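This is what each chain is made of:
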Amino acid sequence: MPSLFLGILLLGLRVTESQASGLAPPQQVRLDADTEAQKLLVTWEDGRASTFDVEILRTELMEIVFNETVVATEDQSTGKHQWNWTSPVPLECTSLSVKVRSRDGQDVSEWSSQQILPGLDLPDNTDSQMYPEGKTVPVGSNMTFCCIVKEGQQFGSLLYKDTLVKETMLSRRTYATTMTNQGPSNPSGTNVVCSDEKKMIITGAVVFVGYPPMPSDLVCETHDLISVDCQWSKGRETYLFGMARQTYYTLNGRNCSKARDSNMRCGLEQWDGNWTLVARNLLGEFRLTDAAELGHRVRPVAPVNLTTPEVYSWNASVGWLWKYNGYERLSLICQVQRTSHSNSSTQTYTGYGLNTVVLKDLQPDEKYNVKVRCGSQKNFWKWGEWSLPLSFQTKMDRPVAPDIWLWMDSDNLGRVLWKPLTKSESHGQISGYEVTLWSPEENSQQTLTLPQSMYSLPINVTDRWSKVTVTARNPAGVSLPANVVIPRHLPDAEDTTISKVTFNGSGFPLSWVAHANASCGYVVDWYNTSCTHDCNVEWTRVAADNTNTMVQSSNFFAGVRYTFSLYACSSESTVLLERWHGYMQELVPSRTVPRLSPNQEGSDVQLTWDQIPLEHQRGFILGYTVYLTNASHLTLLANITDPQLTNHTVKNLVLGSYKFTVKAYNAAGEDGGATVSISLDPYTYWLIMEILVALGTMTCLLIIITIACYRKRKWVKKAFYPDIPEPKLPGEWGITQGTLDVKPSPHSMVHIVEDSVWDSSKEALVTVPEEDEEGTGDEEADTDEPASLRYYNQVVEEGSSSRGRPHASDSSASSTGSMDSGHTDVTYTGIQTSACSLAPMAHFQPQPDASQCAGGGGYRPQMQSASCPEDPQTGPEEHLQPPVGSFGGYQPQCSWKQDSPEADGGGLDQACLGSPTSVTSSQFLLPYDTSEEGKEHQSSASTWFHNLLTGKP
């Protein structure tokens, strides 16, 4: 109750206030909607106030949309007030309620009756709808879209360009979203769709967002000197497509219906010095103007019907026609563009009504395409359009002289090379080459015809030819000759300076000092350095007044070393001046160092390897790096900066296993690395190994020497142990037991060489009278001893019994007298017994009468036994019987002491009478000793070596 009372009180106060103000509420309020422009026009009647309060609400939810004080003047013709309101939301989305009241300062009237603008979300409109539909708005504008769902259907979501956007509820069925700063639409527009709770699209709308037109560069010109052709640029893209939204143009009020995006032009039949272009679309319009005189805007049309009346090898004439007769009086400047397979060039010609030109400096047997365009020479405005192209081919001409060069494969063999003629040099299809070898000294020549596919000819510089001439032939004729001189001697390439050259991106820059003999310039040739046979040689020529060049070729490859040689060219010969090596691009070596091997030297390890082959270096080898490999980790041991050094010693290593890696490197980096392992053994093992190796080597050497001596034993025996002839007597002397008939030899002589003073210790031969010799004839039958031995033994026995008596110096004469019938010459030299001859006599020392030992171990031609008879009274037969084996042969004395003290002093019993020497040998001859001690002495090294040489076992 109190609240009801309070409300009535307030209502009464308001009525009282309204009556007190004296302002009447507006009457006849009316609402008119412009849905396209989303504007609401409100009109009412009130003759007193000029200021009003307007309130707009959404009818269904009673949400205030607008509540402001506005000024609305009275229309004198109708006596009504009107006010426009632009709604941010399409007016179709929901119903709006509008009411107005008058205001005069602080005094206000009552609200007018509420007027409702019905929306399309009323219950009687049951279909789904979306607004606005198909509207065109400028880029950057804000726009609100609303979705009215079907009666009884649940709203789901709103999508703008497939993007989910946030919505706002306007009524029970209406939901809205606002998009700000919209971007340009696609050609088909921007889609906004509404879906239900099941993600099914229930309705949608399309909006077109673009720009108003903005053309530029309006230019008007004439082609026929009468009409006008205006062109302009479309300018900024409007992004509005379709007949209703496209841009329309008018020129001086004339509709340019043919103006399209690809052809912004419009024409008028008569020249007018001023032109205005208007461009218009749904978002606005734009204007352009232009003005000019006729003579300043002449642009000739393209020439037509091009022809070539005359065509030659080096020039041709081209003619054409004009579409308009007025060009005959017009001063024209024309461009003729000619294009061939190799290049394109443009030449300019001038003249009144120009319609014929002559093309010069053409290439023979070349196909050309020609087109022409012209412009006004006076007050030149623009070049006209190009004519249609005309094709023609020039006639052939004889080729140019080939570019030839002489490449020496070796000191005596070479190749004459020439470059294939290019299209611009051949002047026609080359049919072959003629190579002529000249010998001015002999005034002779030899001509060879080669096919067009050959570009070289091998020659021998040792032949008589001294000059080579090469010519090329085509159907039009033969080229001028190209000559090269064959050198009689080649310069020593090792004395030529070799430098390094670096590729700079476009080629190899070479420079040198001018040479006085370069009368015809210089030649630079190059080839793959690793090539050894039939190399691909290229060359270029440099003028004599130039001392540098840039070597360029399409055949340069990365990782390949090239050798560049500079020659001075003259009429007599070519001289090698300088050489370079270079790489287009250095790459890491493609192979590791070959034959890497370790060698232990005590506690050190020496690593050796070979250089990488040139074709695998792929760069200038700068050195080597030596690493110690531990699993995957590499420890740098040394960096060898001398590329010629291919060994390294790692010192002071402890016993164990090691793995070393050696890598070669160049400017591009290191190779993959070669790895080798070694296990260090104690040094004593190596010492033992060295001793064993040395002993084995000596053993092998001795075996080889022994085998060689054995195979050459005859030569060695002859050189060191010549054969000593044995006494040869008729019959089986000393072996057969029987009567020996001794007859004097043709020449027998015994020459006694003794001192004049008798030495009792020495034995000598005594002269036996002939009668005594004859008197013994009866005894010969009773003994088996040969008569000659008995004779000599008798002499010896007599000498023994007469020891101490002096001998006459002519004893040799009496010996001669006893044997002068045979005249045999035997010489005895009074030389002391050798050491080896004394040894067999040792066992005779204990005997009481050693002085009776015949010869004392000395040699006797009677082949007397070295043993003395035990009984001195034994008969001559028993004494002279030699023991078996006492005639085994002769042996040289192994140790001869001519001046030993024993010879001068005591021991006379051991002194030998003398020893004979062979006529053909300087060795003294001793008999073999048949005693046991003698046999032991025969096993000495000298005896073994003697047996080896003689082939005895």
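For the structure, check the block above.
A brief structural summary. Quick caveat, the model's predicted, so the values are computed rather than measured.

Rules and cut-offs
- Residues numbered from 1 in each chain as written.
- Predicted model: local features only at pLDDT ≥ 70, side-chain atom pairs only at ≥ 80, totals over all residues.
- Heavy atoms only, no water.
- Helix = DSSP H or I, 4+ residues; strand = E, 2+ residues; numbered from the N terminus.
- Contact = heavy atoms within 4.5 Å.
- Areas by Shrake-Rupley, 256 points an atom, 1.4 Å probe, with all protein chains shown as cover.
- Pairing = 2+ DSSP bridges.
- Axes fitted to C-alpha atoms, helices over the stretch in contact; angles between N-to-C directions.
- Salt bridge = Lys/Arg side-chain N within 4 Å of Asp/Glu carboxyl O.
- Buried < 20%, exposed > 50% of the residue type's maximum accessible area, 1.4 Å probe, protein only.
- Core = buried A, V, L, I, M, F, W, Y, C linked by side-chain atoms within 4.5 Å.
- Disulfide = S-S within 2.5 Å.
- Polar contact = N/O pair within 3.5 Å; in protein donor to acceptor, adjacent residues only side chain to side chain.
- Patch = residues over 30% accessible without salt bridge, like charges linked within 9 Å, V, L, I, M, F, W, Y side chains within 5 Å.

Each helix and strand in the chain was counted, giving 13 helices and 59 strands. Relative to all contacts within the chain whose residues are 6 or more apart in sequence, the contacts with residues 24 or more apart total 66%. Surface summary for the chain: the accessible area is close to 52900 Å², and the carbon and sulfur share equals 52%.

A few words on the sheet that holds strand β28 (residues 331-339). Overall, antiparallel pairing links the 4 strands, which are arranged β29-β28-β31-β32 in an open sheet. For this open sheet the edge positions go to β29 (344-352) and β32 (390-393), each flanked by a neighbour on one side alone. Taken pair by pair, the neighbouring strands of this sheet meet at an average axis angle of 30°, ignoring direction. Taken together, the 4 bridges between strand β31 (residues 367-376) and β32 define a ladder with antiparallel strand orientation. By the bridge assignment, V370 is partnered in β32 with L390.

A separate point is the sheet that holds strand β5 (residues 74-75). Spatially, β1-β2-β6-β5 is the arrangement adopted by the 4 strands of the open sheet, whose pairing is antiparallel. On the outer flanks of this sheet lie β1 (27-34) and β5, each paired with one strand and no other. Two strands pair when backbone bridges link them, and β1 and strand β2 (residues 39-45) are joined in this way by 6 bridges, in the antiparallel orientation. Counterpart to D34 in the pairing with β2 is K39.

Evaluated as defined, the whole model comprises 21 salt bridges. Here R58 ties to E63 by a salt bridge, and the two come within 3.2 Å at their closest N and O atoms. Of the residues examined, R58 reaches a relative accessible area of 16% and is grouped as buried. R473 is paired through a salt bridge with E434; the nearest N and O atoms lie 2.9 Å apart. Here R473, found in strand β38 (residues 467-474), pairs with E434, found in strand β35 (residues 432-439); they are 39 residues apart in sequence, far enough to count as distant.

A few words on the nonpolar core. Of all hydrophobic cores here, the largest spans 24 residues; its most connected members are W320, C334, V357, L359 and F392. Of all the elements, β31 adds the most residues to this core, at 4 residues. For W320, the residues in contact, after removing those within four places along its chain, are P303, V304, N305, L306, C334, L354, N355, T356, V357 and V372. The next biggest cluster of nonpolar side chains, apart from the first, holds 22 residues, and it includes I621, A638, I640 and V676.

In the structure shown here, the tally under the stated rule is 7 disulfides. Disulfide pairing is shown between C147 and C194; the S-S distance is 2.1 Å. The disulfide joining C147 to C194 has a torsion of about -80° about its S-S bond and is therefore left-handed. Taken together, the positions of C147 in strand β12 (residues 143-148) and C194 in strand β17 (residues 190-196) put the pair 47 residues apart, joining distant regions of the chain. Covalent S-S linkage joins C531 and C535, the inter-sulfur distance amounting to 2.3 Å. Its S-S torsion of approximately -105° makes the covalent link between C531 and C535 left-handed. For C531, a relative accessible area of 25% puts it in the partly exposed group. Assessed through its relative accessible area of 9%, C535 is described here as buried.

Counting through the fold element by element, T436 comes out in strand β35. One polar contact links T436 to T447, side chain to side chain, over a distance of 3.3 Å. Not counting residues up to four positions away in its chain, the partners in contact with T436 are Q445, Q446, T447, K467, V468 and T469.

Looking at where D229 falls in the secondary structure, it is placed in strand β20 (residues 228-233). Here the side chain of D229 touches H223 through a polar contact of 3.4 Å, side chain to side chain. If near-sequence neighbours (up to four positions away) are discounted, D229 is found in contact with V219, C220, E221, H223, R265, C266 and G267.

Further remarks concern a nonpolar patch on the surface. A grouping of L687, I688, I691, L692, L695 and M698 is seen on the molecular surface, where their side chains present a nonpolar patch of about 580 Å² in accessible area. Within the fold, L692 resides in helix α4 (residues 683-711).

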